Amino acid sequence: MSADALQGARVDLIGWGWRYAGRDAWSLRGVDLSVAPGERVLLLGPSGAGKSTLLHALAGLTGPDAAVTGESEGELLLDGAPARRGRGGAALVGQDPQAQLVMARAGDDAAFGPENLGVPPEEIGPRVRAALADVGFPYGTDRSTAALSGGEQQRLAIAGALAMRPRLLLLDEPTANLDPAGAALVRGVVADLAARSGATLVLVEHRVAEAVGLVDRVVVLEPGGGVAADGPPERVFASRGADLAARGVWV
């Protein structure tokens with residue numbers, strides 16, 4: 001099964017907030033937001049607005065017994081259930097491709113996520129081959145991950161996420177640490193996935209002009225607060241573009 005068969009998840013945040021352990025200030029608070037299955041959302045906001053925090057929460061990585069500890073309030077739901085219970089329904093790809101690769105061979109790395117989810121062994125190989133094809137990975141499964149360029153590493157990281165068959169794909173500035181050629185490779189992968197995958201997509205990307213064509217909705221977060229703007233890209237940028245640019249968001 002390829003990325004075409006992914007079915008999107010629904011995301012609902014109701015008065016949601018998050019405060020990291022040991023901190024007085026809330027990173028996010030009073031966030032009310034719904035994302036329909038299959039929507040493609042660009043998440044914007046000034047530095048410190050909590051964009052990465054929200055992606056980590058959607059991936060089920062925050063909570064008292066999770067990788068990121070702290071205090072939450074309100075509700076954060078993935079298909080109607082708390083996101084922390086739905087690990088495996090969401091997959092997160094971050095900024096640093098080297099930090100995301102854990103195995104020496106490309107095929108083993110793409111198989112790492114499905115293996116941890118307990119996918120039957122006979123299903124993992126087909127998933128890995130389909131995911132590598134979906135991202136246009138130019139080598140075989142035996143390719144050394146150390147021999148890959150930055151853009152190729154990030155494509156492999158996205159393939160590993162797709163192999164888990166997530167219904168929610170979270171991309172946290174996936175081109176931030178890449179050179180222009182590598183960034184172009186990864187943008188091409190994301191554009192292709194956005195065009196034909198049914199998975200819900202939430203993207204954080206500072207290169208707004210290059211990302212806006214991948215999405216159908218823009219959500220702007222307010223530091224320490226809720227949603228400052230929400231709507232089609234052209235409407236949000238017409239009403240808030242100057243303010244966003246003044247606050248360091250590349251518009």
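Quick note: structure is the one above.
About the cut-offs
Throughout this description, residue numbers start from 1 for each chain and increase along the sequence as written. For this predicted model, a pLDDT threshold of at least 70 governs which residues receive local features, and a threshold of 80 or more governs which side-chain atom pairs are given and counted, while totals over whole chains, interfaces and linings are taken from all residues. Hydrogens and water molecules were not included; the side-chain quantities draw on all heavy atoms of the structure. Going along the chain from the N terminus, every DSSP run of H or I of four or more residues is numbered as a helix, and every run of E of two or more is numbered as a strand. The contact definition used throughout considers only heavy atoms, calling two residues in contact when any of these lie within 4.5 Å. Here the open area of atoms and residues is found with the Shrake-Rupley method and a 1.4 Å probe, where only the protein chains shown may cover a residue. Note on charges: Lys and Arg go in the positive column, Asp and Glu in the negative column, and His and the chain ends are not counted at all. In this description, the location of a charge corresponds to atom NZ of lysine, CZ of arginine, CG of aspartate or CD of glutamate. We call two strands paired when DSSP finds no fewer than two bridges between them. Think of it this way: a Phe, Tyr or Trp ring, Trp meaning its six-membered ring, pairs with another when their centres are within 6.5 Å, and the plane angle makes it stacked under 30 degrees, edge-to-face over 60, tilted otherwise. Charge over a ring is defined by NZ of Lys or CZ of Arg lying within 6 Å of the ring centre and within 35 degrees of the ring normal. Angles here are taken between N-to-C directions and fall from 0 to 180 degrees, while the axes themselves are lines fitted to C-alpha atoms, restricted in helices to the stretch in contact. A pairing counts as a salt bridge when a side-chain nitrogen of Lys or Arg comes within 4 Å of a carboxyl oxygen of Asp or Glu. Exposure classes here rest on a 1.4 Å probe applied to the protein chains alone. A residue is buried below 20% of its type maximum, exposed above 50%, and partly exposed in between. Using a grid of 1 Å spacing that covers the protein atoms alone, one calls a set of points a cavity when a 1.4 Å probe fits there but cannot get out, and a pocket when the set is open and has protein on both sides within 12 Å along at least five of seven lines; lining residues are those with an atom within 4 Å of a point. Grid points are joined across faces, edges and corners, and a volume is the space filled by probe spheres set on the points. Asp, Glu, Lys and Arg are counted as charged, while Ala, Val, Leu, Ile, Met, Phe, Trp, Tyr, Cys and Pro are counted as nonpolar; the rest, among them Gly, fall into the polar class.

Caption draft 1: Geometry of the overall build of the protein chain. A count of helical and extended segments in the protein chain gives eight helices and 10 strands. For the C-alpha atoms alone, the extent of the protein chain along its principal axes is close to 45 × 40 × 30 Å. Counting contacts in the protein chain only where the partners sit at least 6 residues apart, residues at least 24 apart contribute 70% of the total. A total of about 10,600 Å² of accessible surface is found on the protein chain, and carbon and sulfur atoms cover 51% of it. One finds the centroid of the 23 positive side-chain charges in the protein chain at a distance of 1 Å from the centroid of its 30 negative side-chain charges.

Caption draft 2: Region of the structure containing the pairing of strand β1 (residues 11-20). In this structure, β1 lies alongside strand β2 (residues 28-35), joined through five bridges in antiparallel fashion. Its bridge partner lying in β2, Val 11 is registered against Val 35.

Caption draft 3: View of the environment of Pro 232. The residue Pro 232 is located in the loop between β10 (227-231) and α8 (233-246) in this model. For Pro 232 and Ser 144, which are 88 residues apart along the polypeptide, the C-alpha to C-alpha distance reads 42 Å.

Caption draft 4: Region of the structure containing the packing of aromatic side chains. Inspection of every chain in the model, using the stated rule, returns two aromatic pairs. Taking NZ or CZ as reference, Arg 143 lies 3.9 Å from the ring centre of Tyr 139, over its face.

Caption draft 5: Quick peek at the sheet that holds strand β4 (residues 70-78). Ordered in space as β2-β1-β4-β5, the four strands form an open sheet in which the pairing is antiparallel. Edge positions in the sheet fall to β2 and β5 (81-82), since each of these pairs with one other strand and no more. Each of β1, β2 and β4 touches helix α1 (residues 51-58); the most contacted strand, β1, lies at about 115° to it.

Caption draft 6: Focus on the sheet that holds strand β3 (residues 40-44). Overall, mixed pairing links the six strands, which are arranged β6-β7-β8-β3-β9-β10 in an open sheet. Two strands lie at the open edges of the sheet, namely β6 (90-93) and β10, each paired on one side alone. Taken pair by pair, the neighbouring strands of this sheet meet at an average axis angle of 15°, ignoring direction. Bridge count for β3 against strand β9 (residues 217-221) is four bridges, and the pairing is parallel. Residue pairing across strands places Val 41 opposite Arg 217, the latter belonging to β9. Seen against the sheet, helix α5 (residues 150-162) touches β6 and β7 (168-172) and runs at an angle of roughly 170° to β6.

Caption draft 7: Quick look at the pattern of salt bridges. One pass over the full model with this rule turns up 12 salt bridges. Note that Arg 10 and Asp 12 form a salt bridge whose closest N and O atoms lie 3.0 Å from each other. The salt bridge involving Asp 108 is made with Arg 105; its shortest N-O contact spans 2.9 Å. Using a relative accessible area of 28% as the deciding quantity, one classes Asp 108 as partly exposed. Judged by relative accessible area, Arg 105 falls into the partly exposed class, the value being 37%.

Caption draft 8: Layout of empty space enclosed by the protein. Taken as a whole, this structure holds four cavities of 30 Å³ or more when the rule is applied. By volume, the largest cavity is sized at about 80 Å³. Surrounding the largest cavity, 11 residues form its lining, Leu 169, Leu 193, Ala 194, Ser 197 and Leu 201 being those nearest its centre. Elements with a minimum of two residues in the lining of the largest cavity: β7, α6 (180-196) and β8 (200-204). The element contributing the most residues to the lining of the largest cavity is α6, with three residues. Within the lining of the largest cavity, the residues separate by chemical class into nine nonpolar, two polar and no charged.

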